[in-house]
Structures are given as C-alpha cells and as structure tokens.
Amino acid sequence: MLAQICQFLGVDSSDFPLNEHVFVADKSKDGGFLIHYFLNLCVKQNRPLCFVGLSQSFNHYCTVAQKLGTNLLSARNNKNLIFIEGLRLISDIVVEGKEKTNPILQLFNGITSPLCNLVYDSLKEIGVSSFQEHFGAPVLIIDDLSVLLSVGVPLKYVVSFVKRLQYLVTSYSPQGSLIVSLCIGEGDGDEEDTWVHLSHLGTLSIEVSNLKSGYCKEVHGQIQVEWKDSYLKPRKVHYKHTQYRLSDKNIELFASGMSSAVL
Amino acid sequence: MLEDLLKGHEKSRFILITDSLECIGRHLLLNWVESALERCEKLFLLCFERPPDFFHNWIQPHLRQKLICINGNEDWDETGEMTFNLARVLEEVAQGEGTPTCVAIDSLTLPILMRPAPVTCRQLHRLATSDHVIQVAVVVHRDLTDQHACGLLEHKATTVIDLLPSVSGSGHACHIRHCRPTGKVFKTRESFDFDEAIRIKRISPLKATQEPQKILALTSQEPDPTANLDLSFKLQLSESEREARSQVILPYLKDGSSETSTSKILYEADDADDFDEEDPDDDLNI
C-alpha cells in the first residue's frame, strides 16, 4: 500500500513528507487509509512523530499498522512515536474536576495554548527540541480535525489552532511537517470552509471522494492531489488524479476508467 | 494596465488582489514585491500564509536588503490568540522618517477571520494614507471572506485585481478596476502567465475565447439545427411570429367571451395534463 501511494504521488518513500504541510479531505468516509499511509510511512522512516488521535484510539491504529507490517507499540516504546489520546480528552470534558484544565474545553473559548503546549511537550518528550538538531524532521499528524468542529469548537479557533501547530513544527531545525485529515460531510458549511482555509495554508492537498456516478463494487472512489507552493519556495501548481480500489491490506490505483473490471 | 501597475507607471496607493483556490494570488504578489523593491527604499512584507524565507529566497539577491519581512504568526498572547495588528507596521513605517516605503500583505484572510473586518479596514486605510507609504498591496481570498468584508476592502482600494481561472488552460485571467488620482475609472480584462521561475510573462488583453463568462453565455444560447442545412422551411420563430402565435385562441378552451351558445364542449386544461394536439377521432371513419 505504501509503495503504491508513494509511486502515485511521485515521492521518495525514504524522506517524504519533508517540509510539506499535507491536508487530507475525506469526502467519502473511506479515505482513512491515507492517514494510515502517512503514519506507517513516518514510523518506517524512524522520524520523531506526534500523533493526535481525535477519531480513534491507539489500539485501532496499532491493529491497522500491524496489517501493514509496522509495529507502533515498539515505536512508542522507543520514543519515536507519541500518541495523544484526543478522544479521552474530549470525553474528559464531562468528567467533574477535570473540566477546568481540559485543553479541548479551553479551545472552545479560543484559548489554543494548552493544546499547543501539550503537543509541544509531547514533541519534547521524544527528544525534539528547538535547540538541538535531531536525527530527523519531526512530523505531527492530526486525525481528524472535523471532530473538533463537531463537538462545537468555532471554525476560527480550529484554524487558529492549526496555524499555531504549523508554526510550531516549522520552528525546529530541520523543519517538520504537518499532516491533518478532515472529514467533510455533504453540505456542511463549517467543514467545507475549514477545508478551504487549510487548502490555502497547505502545500499539498489531497481529496478523497466517491465516484460522481455513484457506488461501484470495483472502483471505490477517486483521489485528487494538488501540489501548491512549497513552504519555502514557490512552485507551479500541478494536479494528479486517480481512482482506487481498497482491499484488506492493499490498494489498487489506476487512471480514470482503467479499472481491471472495466478492461 | 497590469504591467503599468506592476512597474509603477500607473500610480495607485492601495492595490487589492482578490483570489480563490483555483487561482492563487501569491505569485502575482511576489512579482509585485520584486518590482516594488526596484522603486522604493524599503518594503514591509507582512506574511501570514508562508514564512518570510519563502519571499526572501525568491527575491533577487541585490534587492533583499530592502525587504523587511514581518512574520504575522509569531505574535500570540498567553491564551493563544493572534495579537498581531497592522498598527505595528504603521509604527515601523513611521520610524522610517520619510523613506519612500511600500507595504505588502500576503493574505488578509486571517486578520479578518480573527477580528472584525472594519478594524482591519480602518488600519489599512491609515496605512495607505500614511505620508511615507507610496503603495500598499494586499491579497484577500474571495472564497473565505464574506461579501460584506470584500465590499469594504474594495471600497477602500484604488485598484482591484480579481484573479480568475482562465478557460484556455495554462494562463491566468484578471479583471482590473483602477481609479486614477484624477477620479477616472478604468476597467480592463487581461491575461498573463508565469514562467518556470514564477516570473510574470505574456501580459495581454483578454481574448473572448479565454473568458469564462463569455464562454458560458455562448453555450447557453439555443443552437440552431437548421443553420447549416439547405431547407425549404424554417423551424425557428422570429419575435413577431412568436407574438402572433401567443395570440391564437385554441378551440375548446374556455375564453369567457362566447357564453351564449347552447351546446359546446368546454375543456379546462389540468396542470398535469398531457395535452395532445392531434385529433383524437382521427382514426374513426366519421
């Protein structure tokens, strides 16, 4: 799966994403595989990785990674990966006594610092600091941001939060990468607006959506990739498009209309 | 017009570039920054979406010393709210003591999102009318800024450049509305392109084939299937013929004028009626 997606993106699997800010929009509810792709790719590269899981628990990612041949548990034990249980933070909002210091609850009031500090401290814990050159550029992954919008955090604070994280990961040397996924429900104005905001900020936008012609057993959806200005130098916008078919451990990517079922 | 604005031949105090995801205005701003650096002593660049290095590295080396980048993302208060305001740029400009200065902002969307739009507009107005500032160029994303805020900004700007995706493929299109100091307003439509190094090239007036709206207008016209056929009759109706047709009263329809006759078939058309104009008794031998 990792090799196929790397080949489609035209990137080197040993150092991607280097200094890229990747935003993934999932319009099909099937696009979760891209986050697993990035997670496993970065773990395989031994890069210091901080993962904020807002939609699933650690066990979920661990099981999927096992299928893809990566051991997240050992990565966590080796201090290469730190997992922030966002789901627990959200459920703690309603627990008496914990609500005052809850970083997500504070985000409701526009106070982004506690959550950003949590990420900052986590990165520090795995040895990433602004003062020393680390062996690899750090990566920060958030899955998925629409959960924050769904629990009621206003759009402007969500954007402000992402903006600060982007600033945080680029303040290290070598500069890190930010990967954020966002589920977009049909007709949800806030999610769509957040996506436009992120697309303007990002250097690489990936959109996973259903086929326009409806459900198909052989072709599960399509991926549209847009490369924009990189973070440090301008480049011409270019697009890539593919259709995909997911199986248990693998993904088939093919040009539009070139599915083996059609040919 | 675009070339004159970029090179400074056409004077404008406040240039507003409006863009959207399909046609990003950052490359145009880069070109503007470089040409503005040629004609001013100092240029303040306020960056929100890309770090200062992005702009600094692209600019030609001999102009870099005139460029002063201010990272808009560095200033947060202890709660994490963005505290940066344009007033700080104004203060820094005022410290320049009469040096001709330009100001560029890579995106106004974040300041407008975080604070009420009129506050940003007021600060921009103060900046654009400041004595030392010769020109201000600002990018705003149309797809993220509501119409009201866009209207406020356009009202303040002396030149508005709307970037549009060009239908012809690689090029970009723009609509320019420029108000000269004399009060005369120019409106032009131009197309342009960037080379591999993102330097602007091929600025030319927009051709009709490149323009999105005109293409739409053309396709919405009804095609005339008989145009290329040598027919002895015509299918199209002229306006007068259409008018005459609408005057015809169809038989059996209730028109309210001939109530006196004794036996008549009246038929009131139903909304969902499938009205058949053929004679239903055609096949009978009457």
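Keep in mind that what you see is a predicted model, and the values were worked out from it rather than measured.

> So what's going on with the overall build of chain A? Residues and values would help.
A tally of regular secondary structure across chain A gives 10 helices and 9 strands. Relative to the 2.2 N^0.38 estimate, which gives 18 Å for 263 residues, the radius of gyration of chain A is 18 Å and therefore close to what a compact globule would have. When its C-alpha atoms are laid out on the principal axes, chain A stretches across 60 × 40 × 40 Å. Here the analysis covers contacts within chain A between residues at least 6 apart in sequence; of these, 69% occur between residues at least 24 apart. Of the roughly 11100 Å² of accessible surface on chain A, 50% is carried by carbon and sulfur atoms. Once the 23 positive and 26 negative side-chain charges of chain A are each reduced to a mean point, those two points are 4 Å apart.

> Give a detailed account of the interface of chain B and chain A, specifying residues and quantitative values.
Contact with chain B, which involves 34 residues of that partner, is made by 29 residues of chain A. Carbon and sulfur atoms supply 61% of the area buried between chain B and chain A, which totals about 2700 Å² over both sides. At the junction of chain B and chain A, the tally comes to 1 salt bridge. Across the pair Asp229(A) and Arg26(B) runs a salt bridge whose closest N-O atoms are separated by 2.7 Å.

> Please give an account of the nonpolar core that cites residues and values.
Counting residues in hydrophobic clusters, the biggest one holds 71 residues, and the most contacted among them are Val119(A), Leu145(A), Leu148(A), Leu165(A), Leu124(B) and Val136(B). With 9 residues, helix α9 (residues 155-169) of chain A is the largest single contributor of residues to this core. Those residues within four positions of Leu148(A) in sequence are excluded, and the remaining contacts are Leu54(A), Ile104(A), Leu107(A), Val153(A), Val158(A) and Phe161(A). Met1(A), Phe33(A), Phe58(A) and Val225(A) belong to the second-largest nonpolar core, a separate cluster that totals 41 residues.

> So what's going on with a nonpolar patch on the surface? Residues and values would help.
A cluster of nonpolar residues, Val248(B), Leu250(B), Tyr252(B), Ile265(B), Tyr267(B) and Phe275(B), forms a patch on the protein surface that exposes about 650 Å² of accessible area. Relative to the assigned elements, Tyr267(B) resides in the segment after α9 (239-247).

> Account for the pairing of strand β2 (residues 49-53) of chain A, with residues named and values stated.
Residue and element names in this part refer to chain A. Where burial is concerned, most of β2 is hidden: 5 out of the 5 residues are buried. Neither face of β2 is left uncovered, since the one carrying Leu49, Phe51 and Gly53 and the one carrying Cys50 and Val52 both have all their residues buried. By the bridge criterion, 5 bridges tie β2 to strand β3 (residues 81-85) in an arrangement that is parallel. For Val52, the partnering residue across the bridge sits in β3 and is Ile84. Two strands pair when backbone bridges link them, and β2 and strand β4 (residues 139-143) are joined in this way by 5 bridges, in the parallel orientation. Pairing of Cys50 across the sheet is with Leu140, part of β4.

> An account of the pattern of salt bridges is needed here, citing residue identities and associated values.
Residue and element names in this part refer to chain A. Within the structure shown, the criterion is met by 14 salt bridges over all chains. A salt bridge links Glu20 to Arg235; the shortest N-O distance between them is 3.1 Å. Here Glu20, found in the loop between α1 (2-9) and β1 (21-26), pairs with Arg235, found in the loop between β7 (221-227) and β8 (238-246); they are 215 residues apart in sequence, far enough to count as distant. Bridged by salt links that share partners, the residues Glu218, Arg245 and Glu252 form one connected network.

> Quick rundown of the sheet that holds strand β5 (residues 177-183) of chain A? Include the residues and the values.
Residues and elements named next belong to chain A. Strand order in the open sheet formed by 9 strands is β3-β2-β4-β5-β1-β6-β7-β8-β9, and the pairing between neighbours is mixed. Strand pairing shows two members of the sheet lacking a second neighbour, β3 and β9 (251-254), which therefore form its edges. This sheet shows a mean twist of 20 degrees between the axes of neighbouring strands, independent of strand direction. Two strands pair when backbone bridges link them, and β1 and strand β6 (residues 204-209) are joined in this way by 5 bridges, in the parallel orientation. Residue pairing across strands places Phe23 opposite Ser205, the latter belonging to β6. Along the sheet, helix α3 (residues 58-67) contacts β2, β3 and β4; its crossing angle with β3, the most-contacted strand, is approximately 140 degrees. Together, β1, β4 and β5 form the strand contacts of α9, whose direction differs from that of β5 by roughly 155 degrees.

Analysis parameters
- Residues numbered from 1 in each chain as written.
- Chains lettered and ligands numbered in written order.
- Predicted model: local features only at pLDDT ≥ 70, side-chain atom pairs only at ≥ 80, totals over all residues.
- Heavy atoms only, no water.
- Helix = DSSP H or I, 4+ residues; strand = E, 2+ residues; numbered from the N terminus.
- Rg over C-alpha atoms; globule rule 2.2 N^0.38 Å.
- Contact = heavy atoms within 4.5 Å.
- Areas by Shrake-Rupley, 256 points an atom, 1.4 Å probe, with all protein chains shown as cover.
- Lys, Arg positive; Asp, Glu negative; His and termini not counted.
- Charge placed at Lys NZ, Arg CZ, Asp CG, Glu CD.
- Buried area = accessible area lost by both parts, 1.4 Å probe.
- Salt bridge = Lys/Arg side-chain N within 4 Å of Asp/Glu carboxyl O.
- Core = buried A, V, L, I, M, F, W, Y, C linked by side-chain atoms within 4.5 Å.
- Buried < 20%, exposed > 50% of the residue type's maximum accessible area, 1.4 Å probe, protein only.
- Patch = residues over 30% accessible without salt bridge, like charges linked within 9 Å, V, L, I, M, F, W, Y side chains within 5 Å.
- Pairing = 2+ DSSP bridges.
- Axes fitted to C-alpha atoms, helices over the stretch in contact; angles between N-to-C directions.

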